[in-house]
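# Observations on the three-dimensional arrangement
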Amino acid sequence: MSANPHIGRQEYFPGIPKIAYEGAESDNPLAFKAYDAGRVVAGKTMEEHLRFAVCYWHSFCADGGDPFGPGTRKLPWKAKADPVAAAEDKLDAAFEFFTKLGVPFWCFHDRDLAPEGASVAESEKWLQHLVDLAGERQKSTGMKLLWGTANVFSHPRYMNGASTNPDFNVVTHAAAQVKAALDATVALGGRSYVFWGGREGYACLFNTDAKRELEHMGRFLGMARDYGRSIGFKGTFLIEPKPMEPMYHQYDVDAQTVAGFLREHGLAGDFKLNVEANHATLAGHSFAHELQMAADAGLLGSIDANRGNPQNGWDTDQFPTDLYDTVQAMLVVLADGGFKDGGLNFDAKVRRESTDGEDLFLAHIGGMDTFARGLLIAANILENSPLADFRKQRYASFDSGKGRDFEDGKLGLADLRDLAAAGGEPDKVSGKQEWVENLINDYIFRTK
Ligand code: XLS
Ligand code: CA
Ligand code: CA
């Protein structure tokens, strides 16, 4: 990747060099210890496996404000009063950061990139302008767009939902935004397009016709799919499950719920899932569970790589630093054949108390190294450990004889009854959970 060509008007992260791989023994906080982009693991480079993306919203838009106090981060690119000029500066800051960090991808919402105008037409014009500039910067840096999306949850008009709003006029505004965001994603060569239904849900069932709202959502997504295909979008549409926050109940609760919804509405051919770690924990699941459910349904599209806080129930969007989590995640991703249009998007934010310019780099370096180690360990487990064979062996009674007939649909319930009566009490077979858990730890420790 070329050196950062956008420092000129202003350098936003002075003193930070291009981040290099220095190896496990390095004490340099601004260096990778595990992520070595060109290193080949299981047939592909780390860069090709992991497909890291930086998200625009947490990194360049959010200033650390929370419901109890204002922002704490200094964001010099937001200083100008003219919102379009400020958006141009933000783009410079973002591409400076991307290129210094050395990630291949980025992600955005329409309103991250350009401000909302006074009318639909003005919003479209401003977005188009910023998309043109982003296209130029992509060209000069080699950066690629992992996915685009529309923010149809922040503006007050969406307080009762976007595509599921009880007021059709609001649905039309959501459509205008999604159309423009799809145009932007196609113009920038985006690999995927995400729908996160932040306000698609309800706060009170007494005033909500949930059946009608879900039908509207299915119709809306079908329209978006048809429009996207008509303008040449060849990538994957993604639904990002999340059970709550901001709404009390959101329709896209978890991977299995969304898989059922996609099938019901004939969308499963074009749509897959964007699984976020923190949303899995909010749904009462593990990250690995959500990934496995998505993969088993043939719907694992992409990942929002972050983590929650086990002590509370918020969407804390912390950077992923838990190695055990990333090992489990990469086991599912590798066994699923790896990412195609998806990747690992850091939908994560530095803490409100982390106010140095370098903190954003440290956060991403930590997340990238944790996933790189997860990749190395998962590849080692899949290639060299007895884990997969052991798991297969547990189901060996279905590989032949009557077990095979059962899987092939050749037996009825009464047949099974007769087999039980004739066969007597089955021997107990240990699940060996302690052994498999120890095995994972042994591989975590031994993998270099
Ligand atoms: C919010 C979501 C959001 C989506 C994109 O909780 O994670 O950021 O990823 O709209
Ligand atoms: Ca997310
Ligand atoms: Ca989140």
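Everything here concerns the structure above.
Below is a summary of the structure that appears in this document. (Residues numbered from 1 in each chain as written. Chains lettered and ligands numbered in written order. Predicted model: local features only at pLDDT ≥ 70, side-chain atom pairs only at ≥ 80, totals over all residues. Heavy atoms only, no water.)

### Structural notes on the coordination of the calcium ion (ligand 2)
- Taken together, the protein donors to the calcium ion (ligand 2) comprise E240 (OE), E240 (OE), E276 (OE), D304 (OD) and D347 (OD), at separations of 2.2 to 3.2 Å.
- Motif for the calcium ion (ligand 2), donor spacing along one chain: E-x35-E-x27-D-x42-D. (Donors = N, O, S within 2.8 Å, 3.2 Å for Na, K, Ca; no water.)

### Side note on the site of ligand 1
- The environment of ligand 1 is made up of W57, H109, F153, W196, E240, K242, E276, H279, D304, D315 and D347.
- Contacts to ligand 1 include E276, whose side-chain N or O atom sits 2.8 Å from an oxygen atom.
- D347 has a polar side-chain atom sitting 2.8 Å from an oxygen atom of ligand 1.
- Counting atoms within 2 Å of the grid points, the majority share of ligand 1 lands in the largest pocket. (Near = heavy atom within 4 Å. Polar contact = N/O pair within 3.5 Å; in protein donor to acceptor, adjacent residues only side chain to side chain. 1 Å grid on protein atoms, 1.4 Å probe; cavity = no way out; pocket = protein on both sides within 12 Å on 5 of 7 lines; lining within 4 Å. Sits in = over half its atoms within 2 Å of the grid points.)

### Things to note about the sheet that holds strand β10 (residues 236-239)
- Read around the closed barrel, the eight strands follow the order β5-β6-β7-β8-β10-β12-β13-β14; overall the barrel is parallel. Sheet twist, expressed as the mean angle between neighbouring strand axes with direction ignored, is 30 degrees.
- With five bridges connecting them, strand β6 (residues 105-109) and strand β7 (residues 144-149) associate as parallel partners. Bridge pairing in β7 places W106 opposite L145.
- In this fold helix α8 (residues 255-264) packs onto β10 and β12 (271-276), with an angle of close to 165 degrees to the strand it touches most, β12. (Pairing = 2+ DSSP bridges. Helix = DSSP H or I, 4+ residues; strand = E, 2+ residues; numbered from the N terminus. Axes fitted to C-alpha atoms, helices over the stretch in contact; angles between N-to-C directions. Contact = heavy atoms within 4.5 Å.)

### Some thoughts on helix α16 (residues 433-446)
- Relative to the 20 Å expected for 14 residues at 1.5 Å per residue, α16 spans 20 Å between its end C-alpha atoms, a close match to the ideal helical length.
- Taken residue by residue, α16 has V436, L439, I440 and Y443 as its buried positions. One side of α16 carries all its buried residues, which in axial view fall inside an arc of 100 degrees. α16 presents E434 and F445 as exposed residues on the side facing more than 90 degrees away from its buried surface.
- Those residues of α16 hidden inside the fold are in contact with α11 (323-335), α12 (359-384) and α13 (387-394). (Expected span 1.5 Å × (residues − 1). Buried < 20%, exposed > 50% of the residue type's maximum accessible area, 1.4 Å probe, protein only. Arc of directions from axis to C-beta.)

### Here's the deal with the coordination of the calcium ion (ligand 3)
- Taken together, E276 (OE), E276 (OE), H279 (NE2), D315 (OD), D315 (OD), D317 (OD) and D317 (OD) make up the full set of protein donors to the calcium ion (ligand 3), lying 2.1 to 3.2 Å away.
- Along the chain, the residues donating to the calcium ion (ligand 3) are arranged with the sequence spacing E-x2-H-x35-D-x1-D.
- For the pair the calcium ion (ligand 3) and the calcium ion (ligand 2), the metal-to-metal distance amounts to 4.6 Å, and E276 bridges them. Here E276, found in strand β12, pairs with D317, found in the loop between β13 (300-304) and α11; they are 41 residues apart in sequence, far enough to count as distant.
- We classify D317 as buried; its relative accessible area is 5%.

### Notes on unusual backbone geometry
- Cis geometry is adopted by the peptide bond preceding P246, which originates at E245 and carries an omega value of 15 degrees.
- Mapped onto the fold, P246 is located in the loop between β10 and β11 (249-250).
- Phi at E245 takes a positive value of approximately 65 degrees, unusual for a residue other than glycine.
- Looking at the secondary structure, you find E245 in the loop between β10 and β11.

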